[in-house]
Amino acid sequence: LSHVDRSVTNHEVIPVIGSALFADEPTARLACGIIAEGGIAAAGFEAEYAAHFHLRKKVYVAQTGQLAESELQEDGTDRDDDARSVTFAVFENHADGVRVVGVSRLILRGDARPLPVEEFCPDSFAPGDLTVNSVEVSRVIARHERAALQDLVQWHLFAIMLAYVANHELGRTFAIIEPWLERVLNGTIAIERIGDPRYVEHYLDYNLPIEIDIPASAELVNARNGGFIDRYRAAEPAMAYFGRAARSAASEQAA
């Protein structure tokens, strides 16, 4: 994030959509769940899935400069690994409408081709280290005007991904992150560095590969957040709802 454009605010990058997501839970503040698998929107979540791409573009291209405009598809989206991914999102029940405040995805290795972490950091793996069940955490974004809520959104994203890995008995789990983020994640989930930092052209910055300890991370997240992961495991594939929404635009501004 060394190229962050501070003039692009979090408020500007958060998409607002017309959605009935909170129709049955009108007092809930946040909703989180699976919105797509294999690059196909879950039934009834077509608008939400489209909006999540707008958040990705606004953050990675306009706000942080981690992706170049030339890497986007003709429709303005980046879909490099979405066809083999499960996509998650966190939505906020806001006075302005339903806002997409967090997104992430799990790239499933399968037997077609290696994960990005293998391609960018080949020195971190020996032949046979990874299997078809190996996965990579990718495109994790949490954005909010309030730092505490942004932190909470990030916790929800980690919780739902950990729940999905557990529910589907997936294997070793990896990510490519910037060095500064390693320090942040060390207080959030259990990770281990598996390679040295190196410049990754695709991300236009220095990154390093890590492996996520799923059982230890699940214990940490559950302990801090009152069983988030257990709730997500029970709710899948439905949305899970949390918190209490502000009742008016005035209360949103005062919050």
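Residues numbered from 1 in each chain as written. Predicted model: local features only at pLDDT ≥ 70, side-chain atom pairs only at ≥ 80, totals over all residues. Heavy atoms only, no water.

1. Points about the nonpolar core
In terms of nonpolar packing, the biggest core is built from 66 residues, with Leu21, Phe88, Phe91, Ile210 and Tyr232 touching the most fellow members. By residue number, the principal contributor to this core is helix α4 (residues 147-167), which donates 11 residues. For isoleucine 210, the contacting residues outside a window of four places in its chain are Thr173, Phe174, Ala175, Ile177, Leu185, Ile191, Glu192, Arg193 and Ile194. If you look at the next biggest cluster of nonpolar residues, it comprises 9 residues, including Leu115, Leu130, Val200 and Tyr203. (Core = buried A, V, L, I, M, F, W, Y, C linked by side-chain atoms within 4.5 Å. Buried < 20%, exposed > 50% of the residue type's maximum accessible area, 1.4 Å probe, protein only. Helix = DSSP H or I, 4+ residues; strand = E, 2+ residues; numbered from the N terminus. Contact = heavy atoms within 4.5 Å.)

2. Overview of the pattern of salt bridges
Per the stated rule, a full pass over the model turns up 18 salt bridges. We note a salt bridge from aspartate 82 to arginine 56, for which the minimum N-O separation is 3.0 Å. Taken together, the residues span a long stretch of sequence, with aspartate 82 in the loop between α2 (46-63) and β4 (85-94) and arginine 56 in helix α2 at a distance of 26 residues. Here aspartate 82 matches arginine 56 in class, with each residue buried. Salt-bridge contacts for lysine 57 lead to glutamate 69; the nearest nitrogen and oxygen are separated by 3.9 Å. With lysine 57 in helix α2 and glutamate 69 in the loop between α2 and β4, the pair connects residues that are 12 residues apart, well separated along the chain. For lysine 57, a relative accessible area of 30% puts it in the partly exposed group. Residues participating in the shared-partner salt-bridge network are Arg56, Asp78, Asp80, Asp82, Arg105 and Arg139. (Salt bridge = Lys/Arg side-chain N within 4 Å of Asp/Glu carboxyl O.)

3. Section: the pairing of strand β6 (residues 135-142)
Where burial is concerned, most of β6 is hidden: 7 out of the 8 residues are buried. Pairing between strand β5 (residues 97-108) and β6: 6 bridges, direction antiparallel. Across the sheet, residue leucine 108 finds its bridge partner in β6, namely valine 135. The sheet contact formed by β6 and strand β7 (residues 173-177) spans 2 bridges and is parallel. From the neighbouring strand, glutamate 136 faces β7, where its bridge partner is phenylalanine 174. For the crossover that starts at β6, traverses α4 and ends in the parallel β7, the hand is right-handed. (Pairing = 2+ DSSP bridges. Right-handed = clockwise from strand over helix to strand, strands pointing away.)

4. With respect to the packing of aromatic side chains
By the definition in use, this model includes 8 aromatic pairs. With a centroid separation of 4.9 Å and an interplanar angle of 65 degrees, the aromatic rings of tyrosine 49 and phenylalanine 53 are classed as edge-to-face. In this pair, tyrosine 49 and phenylalanine 53 both sit in helix α2, 4 residues apart, roughly one turn of the helix. Neither residue differs from the other here; tyrosine 49 and phenylalanine 53 are each classed as buried. Measuring from ring centre to ring centre gives 5.7 Å for phenylalanine 88 and tyrosine 164, while their planes differ by 75 degrees; the resulting arrangement is edge-to-face. Taken together, the positions of phenylalanine 88 in strand β4 and tyrosine 164 in helix α4 put the pair 76 residues apart, joining distant regions of the chain. For the pair phenylalanine 88 and tyrosine 164, a shared accessibility class is recorded, and that class is buried. (Phe/Tyr/Trp six-rings, centres within 6.5 Å; stacked < 30°, edge-to-face > 60°.)

5. A word on the environment of glycine 76
Among the secondary structure elements, glycine 76 is positioned in the loop between α2 and β4. Measuring from C-alpha to C-alpha, the distance between glycine 76 and arginine 193 comes to 33 Å, with 117 residues separating the pair along the chain.

6. Brief notes about the packing of α4 against helix α6 (residues 214-224)
Interhelical geometry of α4 versus α6 gives an angle of 135 degrees and a closest axis separation of 10 Å. On the basis of their axis angle, the class for α4 and α6 is oblique. Between α4 and α6 the crossing geometry is left-handed. Judged by residue contacts, Asp151, Trp155, Ala159, Leu162 and Val165 of α4 engage Ile214, Ser217, Ala218, Val221 and Arg224 from α6. A class-by-class count of the residues in the contact of α4 with α6 yields 7 nonpolar, 1 polar and 2 charged. (Axes fitted to C-alpha atoms, helices over the stretch in contact; angles between N-to-C directions. Parallel < 35°, antiparallel > 145°, perpendicular 65-115°, else oblique. Left-handed = near helix turned anticlockwise from the far one by under 90°. Nonpolar A, V, L, I, M, F, W, Y, C, P; charged D, E, K, R; others polar.)

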